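Below, each chain spelled out in residue letters.
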Amino acid sequence: MASGAGNKRRISILGSTGSIGTNTLDVVAQLGGRDRFEVAALTGSNNITLLVQQAKATGAELAVTADDALYGELKSALAGTGIAVAAGRSGLIEAAERDAGWVMAAIVGTAGLAPTLAAARRGADIALANKECLVSAGDLFVSAVHAGGGRLIPVDSEHSAIFQSLEDDQRHAVERIVLTASGGPFRTWTRERMAGVTADIARAHPNWSMGLKISIGSASMFNKALEMIEAKHLFDVHPDQIEVVVHPQSIIHSMVGYRDGSVIAQLGCPDMRTAIGYALTYPDRPLLNVDRLDFAKLARLDFEAPDEERFPALRLARTAMQRGGLQGAIMNAAEETAFHAFVDGRIGFLDMADIAEAVMDRLVSTPAASGMEDVFAADEAARAEAADVIAAKEKAA
């Protein structure tokens, strides 16, 4: 593991300006900031003002914007600071390859695939908040982590809960993985009512403060669908061992059921910083300024089975896992394309799942990946197919 002067821990944050990234920097500050950590690289997208503030505050060695067109703005803003600047895909790879023993992988979407893979290949510990690495390229990514010699530590609250509930010497006794889902803002809505939902309505999550993509993914339960596929790769379980239960309070973050009937769960107030802090200091548990559970005030914890008729994304995840190959990559790319069309007002909320399913069926015979180029090819093909389906829907409307 890389370390700097005085054995400070060297870290990089890929996606520092998003919700996971900003919370990671909050945790870093809580745990000592520049006295304890050296920031090798920070990357963001188009929020140059925030990226510049973060780079200056942390003394980052490198700041990267994913948008080539914003390179000049970033370079000008950091002139005279000694902070190196880069942009675009090559800049993201450069950030990932910087000497840092711990890398937060929080770039949203397939844009995070290549840089996270680069960090894994050089042996960094990967704090994984990018779902696409495992959904689109699970086998390849896990192999890269093992070959590199680093550790893969999940940051999603659900997978972190499972990670914390797994007994290392009892993996053989695991019977089931239970992912909890809040149910999002439309848990009790009918399909007819959901048909008229706009992006502004869908982004308002009842429990968590998250970015637009994750918030809408939670509302449609595509987020949970991706987490199902992630769990398969993270914990090496059969798809039939993965369950989803709706738990509106989001207090139990997920559970592991063992063959003796025991169920071990991880609980906590809904706060991403808990999972981030655990990933940053694993296997130690840091002292964090987050809310503590007051069991006397909780009163009740509710659970219900998810309705896959109203939230078909869960069914599509099972289909993708059963078909194998690149179906995860295809489902993810189609959903991302449909998500952008929904945000732009071109399609309805319920259309996102229909589009993903149509694309998965069209590309069902796509062969398994032998390398990342196959993953990117499947991703590109799925986006093209999704664009065709969206165009047809618009024409028919």
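Summary of the structure given here.

Reading the values: the criteria
What you see as residue numbers is a count from 1 along each chain, following the sequence as written. Residue-level local features of this predicted model are given only where pLDDT is at least 70; pairs of side-chain atoms are given and counted only at 80 or more, and the full residue set underlies all totals for whole chains, interfaces and linings. For the side-chain quantities, the full set of heavy atoms in the structure was used; hydrogens and water were omitted. Helix and strand definitions here come from DSSP, where helices need a minimum of 4 consecutive H or I residues and strands a minimum of 2 consecutive E residues; each element is numbered from the N-terminal end. With the radius of gyration taken over C-alpha atoms, the globule rule is written as 2.2 Å times the number of residues to the power 0.38. Buried, partly exposed and exposed residues are distinguished by accessible area as a fraction of the type maximum, computed with a 1.4 Å probe on protein chains only: under 20%, between the cut-offs, and over 50%, respectively. Pairs of residues are marked as contacts when any of their non-hydrogen atoms sit within 4.5 Å. The accessible surface values rely on the Shrake-Rupley method and a 1.4 Å probe; as for residues, cover is taken only from the protein chains in view. Here the positive residues are Lys and Arg and the negative ones are Asp and Glu; neither His nor the chain ends is included. In this description, the location of a charge corresponds to atom NZ of lysine, CZ of arginine, CG of aspartate or CD of glutamate. Whether two strands pair comes down to DSSP finding at least two bridges between them. Note on handedness: a crossover is taken as right-handed if, strands pointing away from the viewer, the path from the first strand over the helix to the second is clockwise. Whenever a helix is involved, its axis is fitted only over the stretch in contact; in every case the axis is a line through C-alpha atoms, and angles between N-to-C directions fall within 0 to 180 degrees. For the purposes of this section, nonpolar cores are sets of buried Ala, Val, Leu, Ile, Met, Phe, Trp, Tyr and Cys residues that join through side-chain atoms within 4.5 Å. Our angle categories are set so that under 35 degrees counts as roughly parallel, over 145 as roughly antiparallel, 65 to 115 as roughly perpendicular, and the remainder as oblique. In this scheme the crossing of two helices becomes right-handed for a clockwise turn of the near helix relative to the far one and left-handed for an anticlockwise turn of less than a right angle. In the scheme used here, Gly and all other residues not listed as nonpolar or charged are polar, with Ala, Val, Leu, Ile, Met, Phe, Trp, Tyr, Cys and Pro taken as nonpolar and Asp, Glu, Lys and Arg as charged.

### Description of the overall build of the protein
If you tally the helices and strands in the protein, you get 17 helices and eleven strands. By the compact-globule yardstick of 21 Å for 397 residues, the protein fits well, its C-alpha radius of gyration being 21 Å. Oriented by its inertia axes, the alpha-carbon framework of the protein measures out at about 55 × 50 × 40 Å. Counting only residues that meet the buried cut, the protein has 56% of its 397 residues in that class. Long-range pairs, those at least 24 residues apart, make up 68% of the contacts in the protein with a sequence separation of at least 6. When the accessible surface of the protein is split by element, carbon and sulfur atoms take 47% of a total near 16600 Å². Positive and negative side-chain charges of the protein, numbering 37 and 50 respectively, have mean locations separated by a distance of 3 Å.

### What about the pairing of strand E4 (residues 84-87)?
Both strand E3 (residues 62-65) and E4 contribute to a ladder of four bridges, which runs parallel. Along E4, the bridge assignment pairs valine 64 with alanine 86. Taking the sense of rotation as the criterion, the β-α-β connection linking E3, helix H3 (residues 71-77) and E4 turns out right-handed.

### Some details on the sheet that holds E3
Strand order in this open sheet of seven strands is E4-E3-E2-E1-E5-E6-E7, and the pairing throughout is parallel. Each edge of the open sheet carries a strand with a single partner, namely E4 and strand E7 (152-154). On average, each strand axis in the sheet is tilted by 20° relative to the strand beside it, whichever way the strands run. Note: strand E1 (residues 9-14) against strand E2 (residues 37-44), six bridges, orientation parallel. Across the sheet, the residue bridging to arginine 10 is glutamate 38, located in E2. Relative to the sheet, helix H1 (residues 19-30) contacts E1, E2 and strand E5 (102-105), its axis offset from that of E1 by approximately 160°. Its contacts with the sheet put helix H6 (residues 132-148) on strand E6 (125-128) and E7, and the angle it makes with E6 is roughly 165°.

### A look at the sheet that holds strand E11 (residues 263-267)
The mixed open sheet is built from four strands, whose spatial order is E9-E8-E10-E11. With partners counted over all chains shown, the strands left at the sheet margins are strand E9 (242-246) and E11, one partner each. With direction set aside, neighbouring strand axes in the sheet form an average angle of 20°. Pairing of strand E8 (residues 174-181) with E9, which is carried by five bridges, proceeds in the parallel orientation. Bridge pairing in E9 places isoleucine 177 opposite isoleucine 242.

### Comments concerning the nonpolar core
Ranked by size, the top nonpolar core spans 129 residues in total, and within it Met104, Ile126, Phe141, Phe186, Phe342, Phe349 and Val359 carry the most contacts. It is helix H15 (residues 327-343) that provides the largest number of residues to this core, a total of nine residues. Discounting chain neighbours no more than four positions away, the residues touching phenylalanine 141 are Thr116, Leu117, Ala120, Ile126, Leu128, Cys133, Leu134 and Leu152.

### Some words on the packing of helix H5 (residues 113-121) against H6
Two numbers describe how H5 lies on H6: the axes approach to 8 Å, and their chain directions differ by 15°. As summarised for this structure, H5 and H6 are arranged roughly parallel, according to the angle between their axes. Our pair here, H5 against H6, has a crossing hand that is right-handed. Residues Leu113, Thr116, Leu117, Ala120 and Arg121 of H5 form the contact with H6, whose participating residues are Glu132, Cys133, Ser136, Ala137, Phe141, Ala144, Val145 and Gly148. Of the residues that constitute the contact of H5 with H6, the class distribution is eight nonpolar, three polar and two charged.

### Overview of the environment of phenylalanine 222
Positionally, phenylalanine 222 belongs in helix H11 (residues 222-235). Distance from phenylalanine 222 to histidine 172, taken between C-alpha atoms, is 29 Å for residues 50 residues apart in sequence. Leaving out residues up to four positions away in the same chain, phenylalanine 222 has contacts with Gly217, Ala313, Leu316, Met331, Glu335, Met352, Ala353 and Ala356.

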